[in-house]
Amino acid sequence: MDLLIVLFFEALKAVASLALISVGLAIIFGMMRVINLAHGEFLMLGGYAAIVATKAGINIWVATLLISPLVVGVIGVVIERTIIRFLYGRPRDTMLATWGLSLLLVGLATTVFGNTTEGISAPAGSLQIGDYRIAAYSLIIIVIAIAVFAAIWAVFRYTRYGLIARSTMQNADMAAALGVNPSRVYAVTFGVGAGLAGLAGGVMAPITGIVPTIGAAYVAKAFITVIGGGPAILAGTVSASVMFGAIDQIITYLSTPVIGEVALLAAAVVLLRFMPQGITGRFFRRAA
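Report on the accompanying structure. (Residues numbered from 1 in each chain as written. Predicted model: local features only at pLDDT ≥ 70, side-chain atom pairs only at ≥ 80, totals over all residues. Heavy atoms only, no water.)

Topic: the environment of Thr213
Part 1: With respect to the element layout, Thr213 can be found in the loop between helix H8 (182–208) and helix H9 (215–229).
Part 2: Thr213 sits 185 residues away from Ile28 along the chain, and the two C-alpha atoms are 21 Å apart. (Helix = DSSP H or I, 4+ residues; strand = E, 2+ residues; numbered from the N terminus.)

Next up, the structure:
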């Protein structure tokens, strides 16, 4: 029984981590239809922001939960204003531009931080469950993920910005006719998506460490989760994260992490074969 409880919490941590990694991309890709291949590098920048801030003496919670998303969010707005805004409706050009941007960010990070892994200590100890111990930080990641998704849902459903953002993404011309500035909404929304990626990087830094090329390990999982989840941004990200995160963790426990990731990819292929529109496209058409 103790082992089952430990496995359950580890599976929940895997689901929460995958959801945090993917939600920023879900907003940028799901709402704005921007294929952002630099998403992994936004996570990497968030991790480095948390590490630098922590080493400068700033409280680790402030560094990971505030500084990381703010720094990467501002960077995201700058990138949207200087690059992405000229490429809306041109998916192939956007892919090429963001791929080049990812290479640039990796090169800059390597120049500044070197090609070695940087990290910070997890801010919590461990919990004893029978004969087993689990990191208390795993529970914190789960709580953070739940709080983030609840906040996003509340913002997009009950606030003026959420209404304006959703209406602008659906029909920018009509929103402009009603006095909305679509250009500003696009910039803010892209910045929010980038900031959420930065938050994920800051949260993951204590358990994975950060290296300039770490984004490559994140971006594929994020795209698989977002596409597998389907058109509903939050419901799709949550449902796909639950499925893929649980499969990855269970297979990893039974074999190795590499086999777990292979199983995740295989599950995504099977899912999209039978549900090309994703989970929410098939079952939750009216979900948020």
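Past the structure itself, the notes keep going.
Observations regarding the side chain of Ser102
Part 1: The residue Ser102 is located in helix H4 (residues 91–113) in this model.
Part 2: Given a relative accessible area of 6%, Ser102 falls into the buried group.
Part 3: Those residues in contact with Ser102 that sit more than four places away from it in its chain are Leu37, Ala38 and Glu41. (Buried < 20%, exposed > 50% of the residue type's maximum accessible area, 1.4 Å probe, protein only. Contact = heavy atoms within 4.5 Å.)

Considering the pattern of salt bridges
Part 1: Taken as a whole and assessed by the stated rule, the structure comprises 5 salt bridges.
Part 2: Where Asp93 meets Arg90, a salt bridge forms, and the shortest distance between an N and an O atom there is 2.8 Å.
Part 3: The class for Asp93 is partly exposed, based on a relative accessible area of 32%.
Part 4: On the basis of relative accessibility, which here comes to 40%, the residue Arg90 falls in the partly exposed class. (Salt bridge = Lys/Arg side-chain N within 4 Å of Asp/Glu carboxyl O.)

What to know about helix H5 (residues 136–158)
Part 1: Taking 1.5 Å per residue, 23 residues should reach 33 Å; H5 reaches 33 Å between its end C-alpha atoms and fits that length.
Part 2: Among all positions of H5, only Ala136, Tyr137, Ser138, Ile141, Ile142, Ile144, Ala145, Val148, Phe149, Ile152 and Phe156 are buried. (Expected span 1.5 Å × (residues − 1).)

Some thoughts on the packing of H9 against helix H10 (residues 233–254)
Part 1: Running from N to C, H9 and H10 point in directions that differ by 125°, and their axes come no closer than 8 Å. Between H9 and H10, the interaxial angle falls into the category oblique. Where H9 crosses over H10, the handedness of that crossing is right-handed. Contacts between H9 and H10 involve Lys221, Ile224, Thr225, Gly228 and Gly229 on the former and, on the latter, Gly236, Thr237, Ala240, Ser241, Phe244 and Asp248.
Part 2: Residue composition of the contact of H9 with H10, grouped by class: 3 nonpolar, 6 polar and 2 charged. (Axes fitted to C-alpha atoms, helices over the stretch in contact; angles between N-to-C directions. Parallel < 35°, antiparallel > 145°, perpendicular 65-115°, else oblique. Left-handed = near helix turned anticlockwise from the far one by under 90°. Nonpolar A, V, L, I, M, F, W, Y, C, P; charged D, E, K, R; others polar.)

Considerations on the packing of aromatic side chains
The geometry of an aromatic ring pair comes down to the distance between the two centres and the angle between the two planes.
Part 1: Under the defined criterion, the tally for this structure stands at 7 aromatic pairs.
Part 2: Relative to Tyr137, the ring of Trp61 has its centre 6.5 Å away and its plane inclined at 35°; by these criteria the two rings are tilted. One end of the pair, Trp61, is in helix H3 (residues 60–82); the other, Tyr137, is in helix H5, with 76 residues separating them in the sequence.
Part 3: Trp61 sits in the partly exposed class, given a relative accessible area of 30%.
Part 4: In this arrangement the basic side chain of Arg33 is found over the ring face of Phe29, its NZ or CZ atom lying 5.6 Å from the centre. (Phe/Tyr/Trp six-rings, centres within 6.5 Å; stacked < 30°, edge-to-face > 60°. Lys NZ or Arg CZ within 6 Å of the ring centre and 35° of its normal.)

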